[in-house]
Structures are given as structure tokens and as C-alpha cells.
Amino acid sequence: MSKKNGKVQIGLLTTLNQLNYGGVLQAFALEKIVDFLLEEKIEVINIEICPHNHLINGEPLSNLFKFWKKRNIKKYYLMFFLTKDYAKHILRRRRTLSFILNNTNRSEKVYPTPESLSKSNSYDVIIVGSDQVWNFKSSVYNFCLLNYLDGNDVKKIAYSASLGWEKLPDKYVEKFRDAIIDFQYISLREKRSIKTLEAIVPNKKIDYCVDPTILAGVDFWEKLSTSPTKYTSNYVVVYWLSS
């Protein structure tokens, strides 16, 4: 494998910048595990998939509003600002942003499009994973299929990738087939997704692996966690995915 600047440049392509708790923690865990196992520095590829990236990157608030206007999503954010939970939402995002800034190694360069990442020629290896990186309804899957890197001599790896859906609509089959056939190694975190992909690329070996948050183990998270100060008596934690 070629080495850029004398070292293997490894990039992690994931859902970090969507500010979702699960997405942030799985990206954090995978980065630290790869860093430890390979003894090679890995960085999370900083892709522009949501307006909050502008805040993550320390840009002025005015740039954030320009992004909203360009993406024509002002209606959504008008509704958001008018809700009674606005203050709680902002507090949550500030805490999540703080964790990302202080605990993850993100690329200095921000890539607004898959083409910009392709032209950069910055990485020898790109690892895709894990949280719904191949969900065809998400804003990140076009980045994570890596089909725009053909001819770049980049080793493509998918670790514990997730489709988020049991079935792949016919209109996406060809796109997924052409993309994943070029991956050197693929593992998924849902068994049902393995059957879905094996049906369109029957000769491709696809493994079943756990989510990076589980791969990290209990000790890893206990060192990071702190005891709650708000609740002193017994309490129950509920993670509500959707209604």
C-alpha cells in the first residue's frame, strides 16, 4: 500500500456531524479502537452533511444562516425556533458539540461533496461505519458508498455498516451493487441487511459484526462516564428511538 507523507493515511467516514448521540458515540468508539489496534493515526473525515457543521468548525453564525438559505430549509428551522423545547434542544447540541470537539480527531479540511473528497486524494484507506451509513434515505449514504473514488487507489473497508432498512428498493439496487463490489472488506451490524446485500452481490463475502460501541467494551465506557448529579435516588434511563 502506498503511504502519503511516509505514513498510512486512514480516514473514518461516518455520521459524526449529525449530532445524534448514538452516531457520535459509535464514531468516537471506532476511531479510538482503530487507533489502538493499528497504531496508525486515524481521523474522522469532516463532511458537510448538516448545517451544524458550521458551528462545529467554529465558523460565524452568519455562515450557518447562509447554509440554511442555500438548502431551502428555513421552514423547518422556523418551526424549530418556535417550539417550547428550543432551549433544551440548544443545550443538548452544545454538549454534543463540546464532546465532538474535545474527543474526536476530525480532518482540518471540510468536504462539502463526495467529489471534493475524491479530488483531495488525502487517504490510503477509508473505513465506512457504522451508524446507518448506507441508509438510502439519509444525507450521508452518497458519501459512504465511495463509488466516486474509482481510480483513486484507496482501500475501501466497511465496518459494521447499517442500511437501516430490511429491503432495498429496486431503484437503488444497481447503485449499491456497483459500489460495494469494490470494497475490500465488508461487515454489517444487522443480519437482515446481510441477506439484502448478498442477494445483489452473491459472490461478495459479508461478515456480521457488532456496533463499535459494543466492540469497545464496558471498561472503555466506564472510564469516560460520570455519575449524574441531578438524580440522587434510583432512576430509569429510557432511550426512545421513535414513536
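Remember, it's a predicted structure, so these values are computed and weren't measured experimentally. (Residues numbered from 1 in each chain as written. Predicted model: local features only at pLDDT ≥ 70, side-chain atom pairs only at ≥ 80, totals over all residues. Heavy atoms only, no water.)

Turning next to the pattern of salt bridges. In total, this model carries five salt bridges according to the counting rule given. Among the ionic pairs, Asp131 bridges to Arg189, the shortest N-O distance being 3.2 Å. Placement of the pair is Asp131 in the loop between β4 (125-128) and α7 (141-144) and Arg189 in the loop between β6 (185-188) and α9 (191-200), with a sequence separation of 58 residues. Comparing Asp131 with Arg189, the two get one shared label, buried. Put simply, Asp211 and Arg189 hold a salt bridge, and the shortest N to O gap is 2.8 Å. With Asp211 in the loop between β7 (206-208) and α10 (212-215) and Arg189 in the loop between β6 and α9, this residue pair connects regions lying 22 residues apart in the sequence. In this structure, Asp211 and Arg189 share a single accessibility class: buried. (Salt bridge = Lys/Arg side-chain N within 4 Å of Asp/Glu carboxyl O. Helix = DSSP H or I, 4+ residues; strand = E, 2+ residues; numbered from the N terminus. Buried < 20%, exposed > 50% of the residue type's maximum accessible area, 1.4 Å probe, protein only.)

Glancing now at the pairing of strand β2 (residues 42-47). Burial of β2 is extensive: five of the six residues sit out of reach of the surface. Note that strand β1 (residues 10-13) and β2 share three bridges and pair parallel. When the sheet's bridge partners are listed, Ile10 is paired in β2 with Ile42. Where β2 meets strand β3 (residues 106-111), three bridges bridge the pair, whose relative direction is parallel. Each residue of the ladder has a partner; that of Asn46, found in β3, is Val110. (Pairing = 2+ DSSP bridges.)

Turning next to the confidence of the model for the protein. The pLDDT averaged across the protein works out to 81; a share of 78% of its residues lies at or above 70. Least confident of the elements in the protein is helix α2 (residues 53-56), whose mean pLDDT is 53; most confident is β6, at 96. (pLDDT = per-residue confidence, 0-100.)

What follows covers the pairing of β4. The alternating pattern of β4 places Val125 and Ile127 on one face and Ile126 and Val128 on the opposite face, and all of these are buried. In this structure, β1 lies alongside β4, joined through four bridges in parallel fashion. Residue pairing for β4: Leu13 is matched across the bridge by Val128. Judged from the four bridges that link them, β4 and strand β5 (residues 155-161) form a sheet pairing that is parallel. In the sheet register, Val125 faces β5, and the bridge partner there is Lys155.

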